[in-house]
Amino acid sequence: MRFVTFESGGRESYGALVDDETVVDLPVGFAWHASDQGRASSADVIAGAYGNTLVDLIRRETFAMPVARDLERRARGKELPDTFASRALCLRSKEVTLKAPIPRPPSMRDGYAFRQHVLTARKNRGLEMIPEFDEFPVFYFTNHQAVTGPGDVVVEKLHTEQLDFELEAAIVVGQGGKNLRASEADRSIFGLTIMNDWSARKLQMQEMKLSLGPAKGKDFATSIGPWLVTTDELVDRTAAGPMGASFDLVMTAEVNGKKVSRGNLKDMTFTFAQILERASYGVMLHPGEVIGSGTVGTGCFLELNGSGITNQWLAPGDEVVLEIEKLGRLVNRVVLAGK
C-alpha cells in the first residue's frame, strides 16, 4: 500500500493512495467499514480503534492493516461511496495537499550507509577513508519536529550559505523492538519513503570542527514523502540476505530541471536491518520512528562540487526533485524566510 498524510478543506487526515488518482480518507473509511459491519462508527469509537494519524495506524498494525487493505481493494473496484456521514471518503488526489507521510515522527535518525559518498566526501576534504566505517553502521539524531513534505522549504539567511540537498531513502519503523538482530530486523520495517536531508554546509563544517554535530547545519528541515510505501509493494525489487534485505531502486536528483545525481538504493554498504540492529541496541524502537539511509553516492553538491562535476549550491527559488523508483517524486522549492 501507499500511505499519505494530506490536508483537505483545512483538515489534516491520512489515507491510502489508489492508482495515483484517488485518496481514500482512512478514518472515514474505517467508520464506513464499521457501519457496513453493523458496528458503532462514531468518530470517538474509530479514533480509539484505529487512531487519528498514520503513526496511530502503524501502532495498531495487526488490527488496522487488514481493514485498510480491504478499503484499498474496494476503492480499486469502485465499491466505496464518495462520502460517508457527510464527510468525503474518496477524494481526487489533485484536490488534496500532500504533507509528509509522517509529519510528526516520534524520533528521526539518519544513517551513513553508502561507502561511496563517505569515501568521496572525505577525499574531497583531503581526508583518508576512516577504517571504522566498515565496522558498524552509524547514525545521528536529527530534528523530528522540523519535518516537511512536498512543497516549499523555508530557510533562514545563514542556511543559504552553501545550502545543499541530500538524496536518501528512509524507513519507518513498524512493530519496533529492542536489541533486534539484523537477520530478523526487516520484519520491523513498515515501509519506505524518500528523504531529503537538507544541509547548511557552512554551518555544518563550522560546528563539526568541535567534534560534535551535525546539528544546526541540519536541524532546520528534513523533507520526506510524498508517500510511505509498504515493503510488500517492493517484493520484485527486494533481495533477501543473511544481514537483511537490499532494495534495487534507482535514485535520481534534479535541480531546476537538470539531473545532477543518480544512484541505487541497493548500493548501501549496510542494510536497513543492520542499521536497525545498531539503533536498537539497548534501546526500544517505537512505531513510526524514521531512519534515513544516508546519502547515496553523487547524491549532494558537497560531493559533486569537490569532485569537479558541479560548482554550485542551492539558492532561494531553486526546485529540487528527488525520485526513487516505486517511492515517487519528492518535489521541494527553497524559500527564504520572510520573502
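Only a predicted model underlies this, so the values are computations on that prediction, with no experimental measurement involved.

Chemist: Could you clarify how one ought to interpret the environment of Thr-5 in this entry?
Modeler: Residue position: Thr-5 is located in strand E1 (residues 2-8). What makes Thr-5 buried here is its relative accessible area of 3%. With near-sequence residues (within four places) excluded, Thr-5 lies in contact with Glu-12, Ser-13, Tyr-14, Leu-54, Thr-97, Leu-98, Lys-99, Ala-100, Pro-101 and Pro-103. Of the polar contacts made by the side chain of Thr-5, one reaches the backbone oxygen of Pro-101; its length is 2.7 Å.

Chemist: Would you mind going over the pattern of salt bridges with me for this structure?
Modeler: Pairing is possible between side chains that carry opposite charge, provided their charged atoms lie close to one another. Within this structure, the stated rule accounts for 23 salt bridges. Among the salt bridges present, the one from Arg-74 reaches Asp-70, with a minimum N-O distance of 2.8 Å. One end of the pair, Arg-74, and the other, Asp-70, are both in helix H4 (residues 61-76), four residues apart, so they sit about a helical turn from each other. A relative accessible area of 17% places Arg-74 in the buried class. The exposure class of Asp-70 is buried, given its relative accessible area of 16%.

Chemist: Explanation requested: unusual backbone geometry in the structure shown.
Modeler: The peptide bond linking Gly-225 to Pro-226 adopts the cis configuration, its omega dihedral lying at 0°. Looking at the element boundaries, Pro-226 is found in strand E17 (residues 222-230). A positive phi angle, close to 65°, is found at Ser-86, a residue other than glycine. Within the secondary structure, Ser-86 is located in the loop between strand E4 (83-84) and strand E5 (87-88). Under the relative-accessibility criterion, Ser-86 is labelled exposed at 78%. Unlike most non-glycine residues, Asn-179 shows phi in positive territory, near 55°.

Chemist: Can you walk me through the nonpolar core in this structure?
Modeler: Generally speaking, nonpolar side chains in soluble globular proteins are found buried as a group. One finds Phe-165, Leu-192, Leu-265, Phe-272 and Leu-276 to be the most contacted residues of the largest nonpolar core, which totals 60 residues. A total of five residues in this core trace back to one element, the largest contributor, which is helix H7 (residues 272-279). The residues touching Leu-192, leaving out its near neighbours within four places in the chain, are Ala-170, Ile-171, Trp-227, Leu-228, Val-229, Thr-231, Leu-234, Phe-247, Leu-265, Phe-272 and Leu-327. Counting residues in hydrophobic clusters, the runner-up holds 39 residues, among them Leu-80, Met-108, Val-172 and Val-290.

Chemist: Please explain helix H2 (residues 43-50) as it appears in this structure.
Modeler: Since the α-helix turns once every 3.6 residues, residues separated by three or four places project in the same direction. Along H2, the residues that are buried comprise Ile-46, Ala-47 and Tyr-50. Considered in projection along H2, the buried side chains sweep an arc of 100° and stay on one side of the axis. Exposed side of H2, more than 90 degrees from the buried face: Asp-44 and Gly-48 are the residues found there. Check the buried side of H2 and you find it contacts strand E2 (11-18), helix H1 (26-36), helix H3 (54-59) and H4. One or two residues past the end of H2 sits Gly-51, with phi positive at roughly 90°.

Thresholds, definitions, all that
- Residues numbered from 1 in each chain as written.
- Predicted model: local features only at pLDDT ≥ 70, side-chain atom pairs only at ≥ 80, totals over all residues.
- Heavy atoms only, no water.
- Helix = DSSP H or I, 4+ residues; strand = E, 2+ residues; numbered from the N terminus.
- Buried < 20%, exposed > 50% of the residue type's maximum accessible area, 1.4 Å probe, protein only.
- Contact = heavy atoms within 4.5 Å.
- Polar contact = N/O pair within 3.5 Å; in protein donor to acceptor, adjacent residues only side chain to side chain.
- Salt bridge = Lys/Arg side-chain N within 4 Å of Asp/Glu carboxyl O.
- Core = buried A, V, L, I, M, F, W, Y, C linked by side-chain atoms within 4.5 Å.
- Arc of directions from axis to C-beta.

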